[in-house]
Amino acid sequence: MRLLFSVAGPVATITLNRPEAMNSIDAEMRVAVIEACNQIRTDEAIRVMVLTGTGKAFCTGSDLKNTMPPDESYARAAFAGEGDRSLADMIELDKPIVCAINGYALAGGLELALACDIRIAADTAKFGLPEVAIGSIPGAGGTQRLPRMVGMSNALHMMLTGERIDSAEALRMGLVSRVVPGDDLMTEANAIAEKIAANAPLAVRAVKHLVHRGADLHLKAAIEAERMAWGVLRNTEDRIEGREAFKEKRKPVYRGR
């Protein structure tokens, strides 16, 4: 199976499972990832997604041996049917995504990680966008997401040289928020996911929406959007439950209402 999918309470886990091919993405794996994300998107009982890989790699991007350019024109791919969308775009959810980077995150694999909300890494993980070395570019969000996360100089250094960095350097530049021993990676990822899932789901989704959308807005407009979201949430059942639970010194029970 190219992909392992499991659900434990409010947390769904997608595990890329082609260790013999460094979890590179072929057509079958792409379809499987999209289908799993669609299930997570529509299942209200699932509140958080964890994405990881098996073996020595998280993901090394497209399977170059089996993904040669298609015969159809790019115009048809871009403007007909679903249009031209990368897998990094297709995993977009309104629910938080925790990426547990267990090994090599290269090319489209790193771009997949960049599309997640929280990234933690094993201490042996390696990161890189080497596309220029094979006559291409990071075309699945890499040239846009990476500079926003690590700054232009760090991002251009990675993309123009194609050099790999280790987990310590990734932590220093803000590419990941935490580095842990490999054996502890999934325990840490699940702990983060469970902590998120225990919070009010409407508030969690609102925070994700505001942070991502606000990054492209003028500060005043972003703050106005934040205030509007606060007002929308003000009288929800979950917000009232949170206050009641605090007053009664108990854990809140949130229902996403």
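Residues numbered from 1 in each chain as written. Predicted model: local features only at pLDDT ≥ 70, side-chain atom pairs only at ≥ 80, totals over all residues. Heavy atoms only, no water.

Strand order in the open sheet formed by 4 strands is E4-E6-E8-E9, and the pairing between neighbours is mixed. In this open sheet, the two strands that pair with only one neighbour each are strand E4 (57-59) and strand E9 (165-166). Where strand E6 (residues 104-106) lies against strand E8 (residues 126-128), 3 bridges are found, and the strand directions are parallel. Bridge pairing in E8 links Tyr104 to Lys126. (Pairing = 2+ DSSP bridges. Helix = DSSP H or I, 4+ residues; strand = E, 2+ residues; numbered from the N terminus.)

Given 3.6 residues to a turn, an α-helix orients residues that are three or four positions apart in the same direction. For helix H1 (residues 27-42), built from 16 residues, the straight-helix expectation of 22 Å at 1.5 Å per residue is met to within 8% by its first-to-last C-alpha distance of 23 Å. Among the residues making up H1, those that are buried are Met29, Val33, Ile34, Ala36, Cys37 and Ile40. Along the axis of H1, the buried residues cluster in a sector spanning 165°; they form a single face. Exposed positions of H1 whose direction lies more than 90 degrees from the buried face are Ala27, Glu35 and Thr42. Turning to H1, the residues buried within the fold contact strand E1 (3-8), strand E2 (11-16), strand E3 (48-53) and helix H3 (87-90). (Expected span 1.5 Å × (residues − 1). Buried < 20%, exposed > 50% of the residue type's maximum accessible area, 1.4 Å probe, protein only. Arc of directions from axis to C-beta. Contact = heavy atoms within 4.5 Å.)

Another point: the nonpolar core. Formed by 46 residues in total, the largest nonpolar core has its most connected members in Phe58, Ile91, Ile101, Leu110, Phe127, Leu146 and Leu175. The biggest single contributor to this core is H1, with 6 residues. Setting aside its immediate chain neighbours within four residues, Leu146 contacts Leu114, Leu129, Gly141, Gly151, Ala155, Met158, Met159 and Leu175. (Core = buried A, V, L, I, M, F, W, Y, C linked by side-chain atoms within 4.5 Å.)

The subject of this paragraph is the sheet that holds E1. An order of E1-E2-E3-E5-E7-E10 is seen for the 6 strands of this open sheet, with the pairing classed as mixed. Whereas interior strands pair on both sides, the edge strands pair on one side only; in this sheet they are E1 and strand E10 (178-180). Adjacent strand axes in the sheet meet at a mean angle of 20°, parallel and antiparallel pairs treated alike. Bridging between strand E7 (residues 118-122) and E10 involves 3 bridges; their strand directions are parallel. (Axes fitted to C-alpha atoms, helices over the stretch in contact; angles between N-to-C directions.)

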